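Each chain, written out:
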Amino acid sequence: MVEFFTRISELPFWSKFANLHGLLGMISLILFGGAICLYFLTDRVKSSVSWLRKVLLILFLDLVFLDLAGLLVYMPYRAVGGPRDTLLSFPDTAWLHKIVFEHKEFLAFAPPILIFCALFIVFKLGSSFSDSDKNRFLRYATLAAIIFSLLFVLMVAGEAVLVTKAAEVY
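Asks: How should I be thinking about the overall build of the protein chain in this particular structure?
Replies: The number of helices and strands found in the protein chain is seven helices and zero strands. Per-residue burial over the protein chain gives 37% buried out of 170 residues. Here the analysis covers contacts within the protein chain between residues at least 6 apart in sequence; of these, 73% occur between residues at least 24 apart. In the structure as shown, the protein chain presents an accessible area of about 10200 Å², 73% of it carried by carbon and sulfur atoms. For the protein chain, the centre of its 15 positive side-chain charges and the centre of its 13 negative side-chain charges are spaced 10 Å apart.

Asks: How do you make sense of the packing of aromatic side chains when you look at a structure like this?
Replies: Aromatic ring pairs are described here by two measures, namely the spacing of the ring centres and the angle between the planes. Tallied over the full model, the rule gives 11 aromatic pairs. Note on Trp-14 and Phe-17: the rings are 5.7 Å apart at their centroids and 80° apart in plane angle, and the pair reads as edge-to-face. Of the two residues, Trp-14 and Phe-17 both sit in helix H2 (residues 13-41), three residues apart, roughly one turn of that helix. On the basis of relative accessibility, which here comes to 23%, the residue Trp-14 falls in the partly exposed class. Their ring planes at 10° and their centres at 5.7 Å tell us that Tyr-74 and Phe-101 sit as a pair that is stacked.

Asks: What exactly am I supposed to notice about a nonpolar patch on the surface here?
Replies: On the surface, a cluster of nonpolar side chains totalling about 650 Å² of accessible area is made up of Leu-57, Leu-61, Phe-65, Leu-68, Leu-71, Phe-109 and Phe-123. If you trace the backbone, Leu-68 turns up in helix H3 (residues 48-78). For Leu-68, a relative accessible area of 44% puts it in the partly exposed group.

Asks: Can you help me understand the pattern of salt bridges in this one?
Replies: Where charged atoms from two side chains of opposite charge come close, those side chains can pair. Tallied over the full model, the rule gives four salt bridges. Put simply, Arg-7 and Glu-10 hold a salt bridge, and the shortest N to O gap is 4.0 Å. With a gap of three residues between them, Arg-7 and Glu-10 both fall in helix H1 (residues 2-10), about one helical turn apart. Across the pair Arg-136 and Asp-133 runs a salt bridge, and its minimum N-O distance is 3.5 Å. Judged by its relative accessible area of 43%, Arg-136 falls in the partly exposed class. The exposure class of Asp-133 is exposed, given its relative accessible area of 60%. Beyond isolated ion pairs, a larger network of salt bridges with shared partners links Glu-3, Arg-7 and Glu-10.

Asks: Help me out: how do you make sense of the packing of helix H6 (residues 110-125) against helix H7 (residues 136-166) in this one?
Replies: Geometry of a packed helix pair, given as the angle between the helix axes and the separation of the axes. Running from N to C, H6 and H7 point in directions that differ by 155°, and their axes come no closer than 8 Å. As far as their axial angle goes, H7 and H6 are roughly antiparallel. Like other packed secondary-structure pairs, H6 and H7 cross with a definite hand, here left-handed. Where H6 abuts H7, its residues Ala-110, Pro-111, Leu-114, Ile-115, Ala-118, Ile-121, Val-122 and Leu-125 lie against Leu-138, Ala-141, Thr-142, Ala-145, Ile-146, Phe-148, Ser-149, Phe-152 and Val-153. Residue composition of the contact of H6 with H7, by class: 15 nonpolar, two polar and no charged.

Analysis parameters
- Once a new chain begins, its residue numbering starts again from 1 and follows that chain's sequence as written.
- In view of the model being predicted, local features appear only for residues whose pLDDT reaches at least 70, and side-chain atom pairs are presented and counted only at 80 or more, with totals across whole chains, interfaces and linings using the full set of residues.
- Heavy atoms throughout the structure, all of them, feed into the side-chain values; hydrogens and water do not.
- The numbering of helices and of strands both runs from the N terminus, where a helix is a DSSP run of H or I of at least 4 residues and a strand a run of E of at least 2.
- Using a 1.4 Å probe on the protein chains alone, a residue whose accessible area is under 20% of its type maximum counts as buried, one over 50% counts as exposed, and one in between counts as partly exposed.
- Two residues qualify as a contact provided that any one of their heavy atoms is within 4.5 Å of a heavy atom in the partner residue.
- Per-residue and other accessible areas follow the Shrake-Rupley method at a 1.4 Å probe size, with only the shown protein chains counted as cover for residues.
- Charge assignment in this entry is limited to Lys and Arg as positive and Asp and Glu as negative, and neither His nor the chain termini are counted.
- Taken as the charge location is NZ of Lys, CZ of Arg, CG of Asp or CD of Glu.
- Pairs were defined over the aromatic rings of Phe, Tyr and Trp, the Trp ring being its six-membered one, requiring ring centres within 6.5 Å. Orientation was assigned from the angle between planes: stacked under 30 degrees, edge-to-face over 60, tilted for the rest.
- Each patch groups residues whose relative accessible area exceeds 30% and which form no salt bridge, using 9 Å between like charges and 5 Å between nonpolar side chains of Val, Leu, Ile, Met, Phe, Trp and Tyr.
- One side-chain nitrogen of Lys or Arg within 4 Å of one carboxyl oxygen of Asp or Glu is enough to make a salt bridge.
- Think of each axis as a best-fit line through the C-alpha atoms, taken over the contacting stretch in the case of a helix, with angles from 0 to 180 degrees between the N-to-C directions.
- By the definition adopted for this analysis, an angle is roughly parallel if under 35 degrees, roughly antiparallel if over 145, roughly perpendicular if from 65 to 115, and oblique otherwise.
- Left-handed describes a crossing whose near helix is turned anticlockwise from the far helix through less than a right angle; right-handed describes the clockwise counterpart.
- Amino acid classes used here: Ala, Val, Leu, Ile, Met, Phe, Trp, Tyr, Cys and Pro are nonpolar; Asp, Glu, Lys and Arg are charged; the rest, including Gly, are polar.

Shown next as C-alpha coordinates:
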(Lines give C-alpha, C1' and ligand atoms only; values in the text may rest on other atoms or scores of the structure.)
Protein backbone atom coordinates (compact mmCIF):
# COMPACT_ATOMS: atom_id res chain seq x y z
CA MET A 1 0.00 0.00 0.00
CA VAL A 2 2.90 2.33 0.76
CA GLU A 3 4.29 1.74 -2.73
CA PHE A 4 0.89 2.58 -4.23
CA PHE A 5 0.76 6.00 -2.57
CA THR A 6 4.47 6.60 -3.26
CA ARG A 7 3.97 5.95 -6.98
CA ILE A 8 0.91 8.19 -7.11
CA SER A 9 2.78 10.99 -5.36
CA GLU A 10 5.53 10.72 -8.00
CA LEU A 11 3.13 11.46 -10.85
CA PRO A 12 3.49 14.93 -12.40
CA PHE A 13 0.95 17.54 -11.28
CA TRP A 14 -0.88 17.72 -14.60
CA SER A 15 -1.26 13.93 -14.73
CA LYS A 16 -2.86 14.02 -11.29
CA PHE A 17 -5.08 16.91 -12.34
CA ALA A 18 -6.09 15.13 -15.57
CA ASN A 19 -7.00 12.09 -13.44
CA LEU A 20 -9.10 14.33 -11.17
CA HIS A 21 -10.82 15.60 -14.31
CA GLY A 22 -11.57 11.99 -15.29
CA LEU A 23 -12.80 11.21 -11.77
CA LEU A 24 -15.29 14.08 -11.99
CA GLY A 25 -16.51 12.57 -15.26
CA MET A 26 -16.98 9.16 -13.64
CA ILE A 27 -18.86 10.71 -10.71
CA SER A 28 -21.18 12.40 -13.17
CA LEU A 29 -22.09 9.01 -14.65
CA ILE A 30 -23.10 7.74 -11.21
CA LEU A 31 -25.19 10.86 -10.67
CA PHE A 32 -26.84 10.45 -14.08
CA GLY A 33 -27.87 6.93 -13.07
CA GLY A 34 -29.32 8.25 -9.84
CA ALA A 35 -31.18 11.04 -11.62
CA ILE A 36 -32.74 8.67 -14.14
CA CYS A 37 -33.83 6.22 -11.44
CA LEU A 38 -35.28 9.03 -9.31
CA TYR A 39 -37.10 10.51 -12.30
CA PHE A 40 -39.02 7.26 -12.79
CA LEU A 41 -39.82 7.09 -9.08
CA THR A 42 -41.29 10.62 -8.87
CA ASP A 43 -44.84 9.52 -9.69
CA ARG A 44 -44.72 6.69 -7.11
CA VAL A 45 -42.58 7.87 -4.19
CA LYS A 46 -43.31 11.34 -2.82
CA SER A 47 -39.81 12.03 -1.45
CA SER A 48 -38.13 11.18 -4.77
CA VAL A 49 -38.81 14.68 -6.16
CA SER A 50 -36.79 16.18 -3.34
CA TRP A 51 -34.00 13.68 -3.93
CA LEU A 52 -34.10 14.31 -7.69
CA ARG A 53 -33.68 18.03 -7.01
CA LYS A 54 -30.61 17.33 -4.83
CA VAL A 55 -29.06 14.89 -7.30
CA LEU A 56 -29.57 17.29 -10.22
CA LEU A 57 -27.98 20.11 -8.22
CA ILE A 58 -24.96 17.97 -7.36
CA LEU A 59 -24.78 16.78 -10.98
CA PHE A 60 -24.90 20.35 -12.25
CA LEU A 61 -22.08 21.38 -9.90
CA ASP A 62 -20.06 18.30 -10.87
CA LEU A 63 -20.45 19.11 -14.57
CA VAL A 64 -19.43 22.73 -14.01
CA PHE A 65 -16.31 21.63 -12.11
CA LEU A 66 -15.67 19.00 -14.79
CA ASP A 67 -15.70 21.68 -17.49
CA LEU A 68 -13.52 24.03 -15.43
CA ALA A 69 -11.01 21.23 -14.81
CA GLY A 70 -11.07 20.49 -18.54
CA LEU A 71 -10.26 24.11 -19.32
CA LEU A 72 -7.32 23.97 -16.92
CA VAL A 73 -6.01 20.69 -18.38
CA TYR A 74 -6.22 22.37 -21.78
CA MET A 75 -3.25 24.58 -20.84
CA PRO A 76 -0.62 21.80 -20.77
CA TYR A 77 -2.36 20.16 -23.75
CA ARG A 78 -1.69 23.28 -25.86
CA ALA A 79 1.76 24.01 -24.41
CA VAL A 80 4.71 24.01 -26.79
CA GLY A 81 5.86 20.42 -27.14
CA GLY A 82 2.65 19.20 -25.49
CA PRO A 83 0.14 16.60 -26.67
CA ARG A 84 -1.41 18.95 -29.23
CA ASP A 85 1.96 19.39 -30.98
CA THR A 86 2.51 15.63 -30.84
CA LEU A 87 -0.85 14.96 -32.48
CA LEU A 88 -0.41 17.62 -35.16
CA SER A 89 3.14 16.51 -36.02
CA PHE A 90 1.97 13.21 -37.52
CA PRO A 91 -0.50 13.03 -40.43
CA ASP A 92 -2.01 9.85 -38.97
CA THR A 93 -2.93 11.54 -35.68
CA ALA A 94 -3.56 15.15 -36.75
CA TRP A 95 -7.26 14.38 -37.23
CA LEU A 96 -7.51 13.56 -33.54
CA HIS A 97 -6.92 17.21 -32.72
CA LYS A 98 -8.51 18.83 -35.76
CA ILE A 99 -11.77 16.86 -35.58
CA VAL A 100 -12.16 14.84 -32.39
CA PHE A 101 -10.67 17.25 -29.87
CA GLU A 102 -12.36 20.30 -31.38
CA HIS A 103 -15.71 18.49 -31.31
CA LYS A 104 -15.13 17.41 -27.72
CA GLU A 105 -14.11 20.91 -26.72
CA PHE A 106 -17.38 22.49 -27.83
CA LEU A 107 -19.77 19.65 -26.96
CA ALA A 108 -18.57 19.63 -23.33
CA PHE A 109 -20.48 22.84 -22.55
CA ALA A 110 -23.91 21.41 -23.44
CA PRO A 111 -24.40 18.98 -20.50
CA PRO A 112 -24.27 21.61 -17.71
CA ILE A 113 -26.76 23.76 -19.62
CA LEU A 114 -29.14 20.84 -20.15
CA ILE A 115 -28.92 19.72 -16.53
CA PHE A 116 -29.48 23.29 -15.37
CA CYS A 117 -32.69 23.34 -17.44
CA ALA A 118 -33.83 20.05 -15.86
CA LEU A 119 -32.91 21.36 -12.41
CA PHE A 120 -34.83 24.60 -13.03
CA ILE A 121 -37.96 22.67 -14.04
CA VAL A 122 -37.81 20.40 -10.98
CA PHE A 123 -37.14 23.35 -8.64
CA LYS A 124 -39.89 25.47 -10.17
CA LEU A 125 -42.55 22.74 -10.10
CA GLY A 126 -41.58 21.43 -6.67
CA SER A 127 -43.85 18.66 -5.42
CA SER A 128 -46.24 19.14 -8.37
CA PHE A 129 -43.48 17.69 -10.62
CA SER A 130 -44.86 14.25 -9.72
CA ASP A 131 -48.25 15.12 -11.27
CA SER A 132 -47.71 13.34 -14.58
CA ASP A 133 -51.00 14.45 -16.17
CA LYS A 134 -50.68 18.17 -15.48
CA ASN A 135 -46.94 18.50 -16.18
CA ARG A 136 -46.45 15.83 -18.82
CA PHE A 137 -44.55 18.07 -21.26
CA LEU A 138 -42.23 19.45 -18.56
CA ARG A 139 -41.59 15.95 -17.20
CA TYR A 140 -40.66 14.72 -20.69
CA ALA A 141 -38.47 17.79 -21.22
CA THR A 142 -36.68 17.02 -17.94
CA LEU A 143 -36.10 13.40 -18.94
CA ALA A 144 -34.92 14.45 -22.40
CA ALA A 145 -32.47 16.95 -20.89
CA ILE A 146 -31.04 14.30 -18.55
CA ILE A 147 -30.71 11.67 -21.29
CA PHE A 148 -29.23 14.02 -23.91
CA SER A 149 -26.81 15.36 -21.33
CA LEU A 150 -25.77 11.80 -20.46
CA LEU A 151 -25.26 10.95 -24.13
CA PHE A 152 -23.13 14.07 -24.63
CA VAL A 153 -21.01 13.27 -21.57
CA LEU A 154 -20.48 9.72 -22.83
CA MET A 155 -19.51 11.02 -26.26
CA VAL A 156 -17.09 13.59 -24.82
CA ALA A 157 -15.57 10.95 -22.50
CA GLY A 158 -15.10 8.54 -25.40
CA GLU A 159 -13.43 11.24 -27.48
CA ALA A 160 -11.21 12.18 -24.53
CA VAL A 161 -10.04 8.59 -24.15
CA LEU A 162 -9.34 8.39 -27.88
CA VAL A 163 -7.19 11.54 -27.81
CA THR A 164 -5.47 10.64 -24.52
CA LYS A 165 -4.45 7.21 -25.81
CA ALA A 166 -2.60 8.90 -28.68
CA ALA A 167 -1.02 11.73 -26.63
CA GLU A 168 -1.22 11.91 -22.85
CA VAL A 169 -0.99 15.08 -20.73
CA TYR A 170 2.03 15.02 -18.40
